[in-house]
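# Topology and contacts: notes
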Amino acid sequence: MKDVGQRAAEVTALKHALPYLRMFQGKTFVVKAGGGALDSEPALRSLVEQVGALHQLGVRLVLVHGGGTQSTELLRSLGAEPRFVAGRRVTDDQALRAVTMILNGTVNTGLLAAFRAAGLPALGISGVDAGLLRAKRRPAVTIDGQSVDYGHVGDLIGADASVIERLHAAGFLPVVSPLAADDSGALLNVNADSAAAALAIALRAEKLVLLTDAPGILEDPADPRTLLSTTDLPGLRWLRETGALRDGMVPKADALEAALRGGVPRAHVISYRTPDSLLTEIFTNEGSGTLVVADLAVLSAAEKAAEDAHQRATDGIA
Ligand SMILES: Nc1ncnc2c1ncn2[C@@H]1O[C@H](COP(=O)(O)OP(=O)(O)O)[C@@H](O)[C@H]1O
Ligand SMILES: [Mg+2]
């Protein structure tokens, strides 16, 4: 038997969540999970449980997955050494085959199996299906004075919202593999964060949530105590200029900026390692990771109070 205090706490929690439930019903959230979330059984189960809860609460959810670590593993097992420049993969013919096998095969199907075990109507779809993600091959770019050809890598031109809208209307929970194609049908590897941002913009999503292995955006990537609970476009620019954003956080920052400029009001970076991080970020003012908005001035008074409290707490640590 639960004691009276515990029951009261449960009712209080439900009351706190009610305004958010009202606000988010029928709204679209695009959630992107990094490949690492799918490698650990507890993280995968927690992801499916939380995404499933949002789906059942009436949020129109789209789950986009990565597969970087798994693609790297497959390539290494084939005797090839994967190459990255500025946090993005260089995709030669062999890497494209590996990425296709991993994204549209192992990772997408693995997620669908986990959703099936939870009794949720997830449906797998890649950016190639029905023209969902349109991309063009990235021309060679100059980085630090060097010319870099990323190979079969696409820059997204756009996403066809109607494909997802039809799946949502039919009650499905779309699970998107971020492979894209150009108009001639050439397959292109696109960054999963960028794919999620393009989908969030096309769907006029309420939120873009990037689930990764870091607790959120850190001012110092080596120190988890420097977690920023909120930031905005000028804040991101500052972090970029001071060199605080490295490796995989660079395409994430690009995706966050694109989404915010493209009309998505709120973007979040949270950890898939923290239990219930997705529900905490969505249903509490304090959140669990980093909330990114275009301009911090638009935050509600309650969120500002939570931010001040967090600031005092972290100042206390430092
Ligand atoms: N300022 C930063 N804050 C948080 N993480 C950062 C930062 N700079 C670099 N990173 C790195 O970015 C990684 C997340 O990107 P990535 O490895 O591509 O993961 P994902 O598979 O989720 O896309 C983190 O694990 C962290 O090591
Ligand atoms: Mg990444």
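Everything in this summary refers to the structure shown in the same document. In this text, all values refer to a predicted model and were calculated from it rather than measured experimentally.

Residues in contact with ligand 1 amount to 17 residues; listed here are only the nearest, Thr212, Asp213, Leu218, Ala244 and Lys252. The separation between an oxygen atom of ligand 1 and a polar side-chain atom of Thr212 is 2.7 Å. Taking 570 Å² as the accessible area of ligand 1 by itself, protein coverage stands at 75%. At a threshold of 2 Å from the grid points, most atoms of ligand 1 map onto the largest pocket. Elements with a minimum of two residues in the shell around ligand 1: β13 (207-212) and α8 (249-261). Grouping the amino acids of the shell around ligand 1 by side-chain chemistry returns 8 nonpolar, 5 polar and 4 charged.

Right, let's talk about empty space enclosed by the protein for a bit. Evaluated as defined, the whole model comprises 1 cavity of 30 Å³ or more. The volume enclosed by the largest cavity comes to roughly 30 Å³. Lining the largest cavity are Ala43, Ser46, Leu47, Gln50, Leu211, Tyr272 and Ser277. With 4 residues, helix α2 (residues 41-56) is the single largest residue contributor to the lining of the largest cavity. Each residue belonging to the lining of the largest cavity can be placed in one class, and the counts come to 4 nonpolar, 3 polar and no charged.

A few words on the packing of aromatic side chains. Inspection of the entire model under this criterion finds 3 aromatic pairs. Ring centres 6.4 Å apart and planes at 85° place the aromatic pair Tyr20 and Phe283 in the edge-to-face group. Here Tyr20, found in helix α1 (residues 4-24), pairs with Phe283, found in helix α9 (residues 277-283); they are 263 residues apart in sequence, far enough to count as distant. Ring centres of Phe24 and Phe29 lie 5.1 Å apart, and the angle between their planes is 75°; on these two criteria the pair is classed as edge-to-face. Judged by its relative accessible area of 0%, Phe29 is buried. Feature note: the residues Tyr20, Phe24, Phe29 and Phe283 constitute an aromatic cluster, connected by ring pairs.

Now for unusual backbone geometry. For Asp144, which is not glycine, the phi torsion reads 50° and is therefore positive. Of note, Asp144 is situated in the loop between β7 (141-143) and β8 (146-148). Residue classification places Asp144 among the exposed positions, given a relative accessible area of 77%. Not every positive phi belongs to a glycine, and Asp247 is a case in point at roughly 45°.

It is worth spelling out the layout of surface pockets at this point. Roughly 960 Å³ of internal volume is contained in the largest pocket. Considering the residues around the largest pocket, the lining is formed by 41 residues, among which Lys32, Gly87, Asp193, Gly248 and Lys252 are closest to the centre. Residue assignment for the lining of the largest pocket shows that the elements contributing at least two residues are α3 (68-77), β4 (88-90), α4 (93-117), α6 (192-202) and α8. Considering each element in turn, the lining of the largest pocket owes the most residues, 4 residues, to α3.

Look at α6 against α8: their axes get within 8 Å of each other, and the N-to-C directions meet at 5°. Between α6 and α8, the interaxial angle falls into the category roughly parallel. On α8, the residues that touch Asp193, Ser194, Ala197 and Ile201 of α6 are Pro251, Lys252, Ala255, Ala258 and Ala259. Taken together, the residues that form the contact of α6 with α8 break down as 6 nonpolar, 1 polar and 2 charged.

Scoring rules and cut-offs
As a convention, each chain's residues are numbered from 1 in the sequence order in which they are written. Here the convention is simple: chains get letters from A, ligands get numbers from 1, in the order in which they are written. Selection of residues for local features in this predicted model requires a pLDDT of at least 70, selection of side-chain atom pairs for listing and counting requires 80 or more, and totals for whole chains, interfaces and linings are taken over all residues. Think of the side-chain values as coming from all heavy atoms in the structure, minus any hydrogens and water. Residue proximity to a molecule or strand is established when one non-hydrogen atom of the residue lies within 4 Å of it. Distance and chemistry together define a polar contact, namely a pair of N or O atoms within 3.5 Å, with one atom able to donate a hydrogen and the other to accept it when in protein, and with adjacent residues in sequence counting only for side-chain atoms on both sides. In this description, accessible areas are obtained by the Shrake-Rupley approach with a 1.4 Å probe, and a residue is regarded as covered only by the protein chains that are shown. Cavities and pockets were defined on a 1 Å grid built over protein atoms only: a cavity is a set of grid points that admits a 1.4 Å probe from which the probe cannot escape, a pocket is an open set flanked by protein on both sides within 12 Å along at least five of seven lines, and lining residues are those with an atom within 4 Å of any such point. Think of it this way: if more than half of a molecule's atoms are within 2 Å of a pocket's grid points, that molecule is in the pocket or cavity. In this text, helices come from DSSP runs of H or I with a minimum length of four residues, and strands from runs of E with a minimum of two, each type numbered from the N-terminal end. In the scheme used here, Gly and all other residues not listed as nonpolar or charged are polar, with Ala, Val, Leu, Ile, Met, Phe, Trp, Tyr, Cys and Pro taken as nonpolar and Asp, Glu, Lys and Arg as charged. Grid points are joined across faces, edges and corners, and a volume is the space filled by probe spheres set on the points. Any pair of Phe, Tyr and Trp rings, taking the six-membered ring for Trp, is counted once the centres come within 6.5 Å. Such a pair is stacked with planes under 30 degrees apart, edge-to-face with planes over 60 apart, and tilted for the rest. Partly exposed describes any residue whose relative accessible area lies between the buried limit of under 20% and the exposed limit of over 50%, with all areas from a 1.4 Å probe on protein chains only and scaled to the type maximum. Simply put, an axis is a line fit to the C-alpha atoms, just over the touching stretch for a helix, and the angle between two N-to-C directions goes from 0 to 180 degrees. Any angle that falls under 35 degrees is termed roughly parallel, while one over 145 is termed roughly antiparallel, one within 65 to 115 roughly perpendicular, and all others oblique. Two residues form a contact once any of their heavy atoms are found within 4.5 Å.

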